[in-house]
Amino acid sequence: MDDNGPGASSAEIARWAKTINKKLCKLAKETKEVCPAKEHAVKRVLLQFESFVLKLAQVMKELLADAETLSVNYMGFDMKLLEDEVENAETLIHDISGRSSLYLLTCCSTVIDRVKVFANSSGTFLENVILEGSSVALRFHVSEAKQLIERGLPKLELKDQILCNYFEDGALDSIVADYSLSIKLAEQIAESLQIPLDSDAFSTELEKLKVERTEAEQFKGKIHSLYLEQFIVLLEKAIASKRKPIRTTSYVKDESSHGKQSAHRNIPMLPLQSFICSITKDIMRDPVQIASGQTYERAAIERWFEEGHTRCPTGVELKNIKMKSNFALKQSIAEWRERNYDIRLENANEIINNSEDEEERLKAVQELQALCEEDSLNKYKVAAKDLIPRLVKFTKSPSKLAVKAFSTLTVLAKDNAENQGIMVENGIIDLIVHCLVRQKEEAPEAVYLMRLLSENQDIAKKISHARNAILFLVTLMQEEEFAENVGVILENLPKSDNDVITMAKANIMKPLVSRLIEGESSSQILMAKTLGRLHMPDKSKELVATTETISTLIDMTNSENNEACAAAISALENLSSVLSISKIIENVGGIRILVKKLNCTRSSEASKTGAAHVLSNIFNTTVEDYEENNHRDAQLDELISTFMSLMGRITPPEVHCYLLQGMIGLANGEKTSTTVKTKMKENNAFKLLINLWVTAADQKVRERAVQLFSFLSSTFGVDACSALKEQPRSLNVIMDMLKDGYAESDHAVAASILADLPPEDKQISSLLLQANMMSRLVNLLEKVNDVVVEACVGALLRFCLEKEHQRKLAEMKVIQKMVSLLSSGRSLTKERAARALYYFSKSTPTLTKKPDPPKCFSCFSSRPAVCKLHRGFCHLESSYCLLEAGAIKPLVLLLKEQQMSCVLTALEALSTLVDDRVGDSETGCRLIDQENGILLIIGLVSSGTRKVQDICANLCEQFFSMADYRNRYGSTAQMHIIGLAQKGSPTQRQIAELSNFLRVVRVFQVA
């Protein structure tokens, strides 16, 4: 909570006091748990601190009670002061919680100072708490809190005070240097903690301190870490002196001790206080002096001034903000660093060369890495100590040491060619390759080291020649953890053609593309063959198929080298199935070259087949992106002429298949269909295709020819019919394809061709009947394949149209099947089914049997029911009555279809219900209304096509001749009729402008 200005309200104080009370109670609980050992010096300090915190919490509780009952303005409350101190205390307790007894001992002075600051600040706050109306309880607890402050912290025993003094800044430097003083201090520490120096309990505390030192380096910086390191070394000396005789050498070869570290070791010196920047709390690298005479790290003080400060960080007013380098101090710091580097390096060297303890080795290797990261010049010192071969050897050690060895070698290798050379000479490449096989914990570090080494061209050559190196690297590419680094390595390595192919199989395509574009002729052929064989996802194909790649392949296709041509075409076959790649082939002039190959007599059969395959892919993938212009039309004309000229017997079947497939793609394209079909017709396509399916031995060729014929017949049905009649055997092929032995796709194609032939052609109908095709088509309506059913309905329309065939169709339940298709078929199926029902319904008037006049006593005998629509006796198989068939509702529902041709056919069928020549028009109107059809028809008056509007207008005239429909729908219809009168066709305007009709509508609107 921030300070609330000159005063705070009771409610604000109440909320604040409640929050602080909770924080203090929690702080007291956490303080109690910090140090379990009652005899510890820090514990005695914290017990007093805990008592004061609890008392202050009681003050806050009573302040809360007063604030809730008193309505006063609390003047002079510095709430921010207490908030900050509570927060600082929380930080202190958090920092020392869970720490070892040894660590707490090093913090004793800090804890005492922080607790004193907290007590003094709290005392300042308590001076202003009591107001005129404050409760007795608040006054009492404030008084007790002040007494605790006055009493102060308990005085440490003399021995504890002496120990705390040893941990002041810089005090350990002189003690650690003196062996006897080190032993004495350690013994005093053990006595204070009441833990024997040579006991396991003391060793456990020391191990905890080592862990805390590592954490301290991460969170509190190198200085604090060095301070703890000095303390640890001091204790290790003392423990060693208790357990074995003192040795005079740093390390000795001793079979009994296995070469472990002795008691003596050079200790890095702590920095002088003057070396540390008071802003960054770290050792300076570029110290500068400002006008106040104080020295700071250049970057830190520059940032200080950039933030707008005009005073020194100490608070002194500055005359200017100029800075000058403190060269003397900078030199001293550099010398201190250099000396410490040498000490640390020598210590690590001794351990690495003489110790057999894995943990010590691990720490020593970590120290080497830290040295090199702190100053790159230390890389040369490490090499001079001949430590790189030892590190290379460590990569074969257990995982933790191997991981750290690889990591340290990586630091040594970075930007240092000499060190890289030493590593290679000592077999690091083979060791890394062996590591790739095992893929153990150190593998990521090993791969990264290889990445650095591969940037050196000489070393990259050696890596590429290492046995199975590229194979193992390619295998690792599949794993996300290694993919990036392995990718860089493979790009850096010189590669043979076989290496490139191995990489391509792992979807590393860049080397293959480079070799294809820039390589020698033999390499280009090998790369093209590889592209032809590889199974690649479309995304990989798109990455490979740059304009340069495709241009290279097209050039190879156009060359006189048959092997290069064949390889290039096989690659294009594989790539051209992707739209974007087909466009590139087209843009670089590939179509012209491929057509040239097709026409060339010197081209091999395989090359022609491949060229046809590529062209087929291009036409089937790019057809929807076709842009109409004179150039493209001329190109299409040339292509189709060429393709048609190749439809002779001498063309291989595979070429026929691909060419036909390509033309099917063009004929099926929304933008190319009309142009292509016209060009094919002009090139005598019908006869050529019929000749193919009659004479070709290859089944696929016949199927493709029939399929293309079906696409053409949908536009040029009359021409298709004439061609079929000229070659009677061709129709037999079509009819054979409707038999059971053929696939459903063949049934669909054959039936589609029959559906496209002119229905009025008697010769075709006669041939179909002779082959019993009508029954076969009816049977195929039972298929679940919607395309087959759609085609069969279209083929049956020619028989539905003729009255002489309708009776047989009705007996075969065709009417019921057509009614069911109105609700479940595709849009074209529905349209064709409605058309069939329209043909049947037109025949109904002549087939409905009128009832005889009633005879005498006829009232005493039962009479068959009369159709209310046709006013006679109707039977589905004899009169084809739509009412009897249940067709009215599904026909009305078709009026909601989006396809207007489907709506038109449904309207035509419904119109037969209101035709007086068919039956009772009034009854027909009511049957349509029962299925909610009138409103749909009124809506189509203004929204449908011209033909739809014409039929709807005629139907409306029928509806509105009846008074009840004028009343119900007159107002709704007027808007549509007026619109029709304004913009409809002459027939529509004539109907809309009937004066009686409009007059009747207006009259009933008023009514």
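The sections below set out a description of the structure shown in this document.

Parameters and conventions
Residues numbered from 1 in each chain as written. Predicted model: local features only at pLDDT ≥ 70, side-chain atom pairs only at ≥ 80, totals over all residues. Heavy atoms only, no water. Helix = DSSP H or I, 4+ residues; strand = E, 2+ residues; numbered from the N terminus. Buried < 20%, exposed > 50% of the residue type's maximum accessible area, 1.4 Å probe, protein only. Contact = heavy atoms within 4.5 Å. Areas by Shrake-Rupley, 256 points an atom, 1.4 Å probe, with all protein chains shown as cover. Pairing = 2+ DSSP bridges. Axes fitted to C-alpha atoms, helices over the stretch in contact; angles between N-to-C directions. Salt bridge = Lys/Arg side-chain N within 4 Å of Asp/Glu carboxyl O. Arc of directions from axis to C-beta. Left-handed = near helix turned anticlockwise from the far one by under 90°. Nonpolar A, V, L, I, M, F, W, Y, C, P; charged D, E, K, R; others polar. Polar contact = N/O pair within 3.5 Å; in protein donor to acceptor, adjacent residues only side chain to side chain.

Focus: the overall build of the protein
Item 1. For the protein, the count of helices and strands is 56 helices and five strands.
Item 2. Evaluated residue by residue, the protein yields a buried proportion of 51% over its 1007 residues.
Item 3. Excluding contacts between residues fewer than 6 apart, the proportion of contacts in the protein whose partners are at least 24 apart in sequence is 69%.
Item 4. Surface accessibility of the protein: about 48,500 Å² in total, with carbon and sulfur atoms responsible for 49%.

Comments concerning unusual backbone geometry
Both trends apply: most residues other than glycine have a negative phi, and most peptide bonds are in trans.
Item 1. One non-glycine residue, Asn-772, adopts positive backbone phi at about 60°.
Item 2. For Asn-772, the position within the fold is in the loop between helix 41 (762-770) and helix 42 (773-780).
Item 3. The backbone of Lys-813 shows a phi angle near 65°, a positive value even though the residue is not glycine.
Item 4. Within the element layout of this structure, Lys-813 appears in the loop between helix 44 (803-811) and helix 45 (814-824).
Item 5. Since its relative accessible area comes to 41%, Lys-813 is described here as partly exposed.

Points about the sheet that holds strand 5 (residues 324-325)
Item 1. Taken together, three strands build an open sheet; the order of strands is 4-3-5 and the sheet is antiparallel. Taken across any chain shown, the strands that pair with only one partner, and hence form the sheet edges, are strand 4 (295-297) and strand 5.
Item 2. Two strands pair when backbone bridges link them, and strand 3 (residues 287-289) and strand 5 are joined in this way by two bridges, in the antiparallel orientation. Across the sheet, Gln-289 pairs through a bridge with Lys-324, a residue of strand 5.
Item 3. Sheet strands in contact with helix 12 (residues 298-306) are strand 3, strand 4 and strand 5, and its direction is about 95° off that of strand 4.

Observations regarding helix 24 (residues 497-505)
The periodicity of an α-helix, 3.6 residues per turn, causes residues three or four places apart in sequence to face the same way.
Item 1. Among all positions of helix 24, only Asp-497, Asp-499, Val-500, Ile-501, Met-503 and Ala-504 are buried.
Item 2. Those residues of helix 24 that are buried lie in contact with helix 22 (469-476), helix 23 (480-492), helix 25 (510-518) and helix 26 (521-533).
Item 3. Immediately downstream of helix 24, the backbone of Asn-507 shows phi near 70°, a positive value.

Notes on the pattern of salt bridges
Opposite charge on two side chains makes pairing possible when the charged atoms of those side chains draw close.
Item 1. Taken as a whole and assessed by the stated rule, the structure comprises 33 salt bridges.
Item 2. Between Asp-342 and Lys-381 there is a salt bridge whose closest N-O contact spans 3.2 Å. Remark: Lys-381 occurs in helix 15 (residues 378-384) and Asp-342 occurs in helix 13 (residues 327-354); sequence separation between them is 39 residues.
Item 3. Taking the relative accessible area as the measure of exposure, Lys-381 reaches 22% and is therefore partly exposed.
Item 4. A salt bridge links Glu-563 to Lys-529; the shortest N-O distance between them is 2.9 Å. With Glu-563 in helix 29 (residues 562-575) and Lys-529 in helix 26, this residue pair connects regions lying 34 residues apart in the sequence.
Item 5. What emerges from the salt-bridge pattern is a single network uniting Asp-286, Arg-298 and Lys-330.

Remarks on helix 38 (residues 717-726)
Item 1. Taken as a whole, helix 38 has its buried residues at Gly-717, Ala-720, Cys-721, Ala-723 and Leu-724. Looking down the long axis of helix 38, one finds its buried residues gathered within 165° of arc, a one-sided arrangement. Across from the buried face of helix 38, at angles greater than 90 degrees, the exposed residues are Val-718 and Glu-726.
Item 2. Structurally, helix 38 contributes buried residues whose contacts are with helix 36 (685-695), helix 37 (699-713), helix 39 (728-736), helix 40 (744-756) and helix 41.

What about the packing of helix 26 against helix 29?
Item 1. Put simply, helix 26 and helix 29 touch, their axes get as near as 7 Å, and they point 30° apart. Considering only the axes of helix 26 and helix 29, their crossing is left-handed. Contacts from Ile-525, Ala-528, Lys-529, Leu-531 and Gly-532 in helix 26 reach Glu-563, Ala-564, Ala-567, Ala-568, Ser-570, Ala-571, Asn-574 and Leu-575 in helix 29.
Item 2. For the contact of helix 26 with helix 29, the residue count by class is eight nonpolar, three polar and two charged.

As for the environment of Thr-695
Item 1. Within the secondary structure, Thr-695 sits in helix 36.
Item 2. For the pair Thr-695 and Ser-730, spaced 35 residues apart in sequence, the C-alpha separation works out to 9.7 Å.
Item 3. In terms of polar contacts, Thr-695 uses its side chain to reach the backbone carbonyl oxygen of Asn-691, at 2.5 Å.

None of the figures reported here should be taken as evidence of function without further support.
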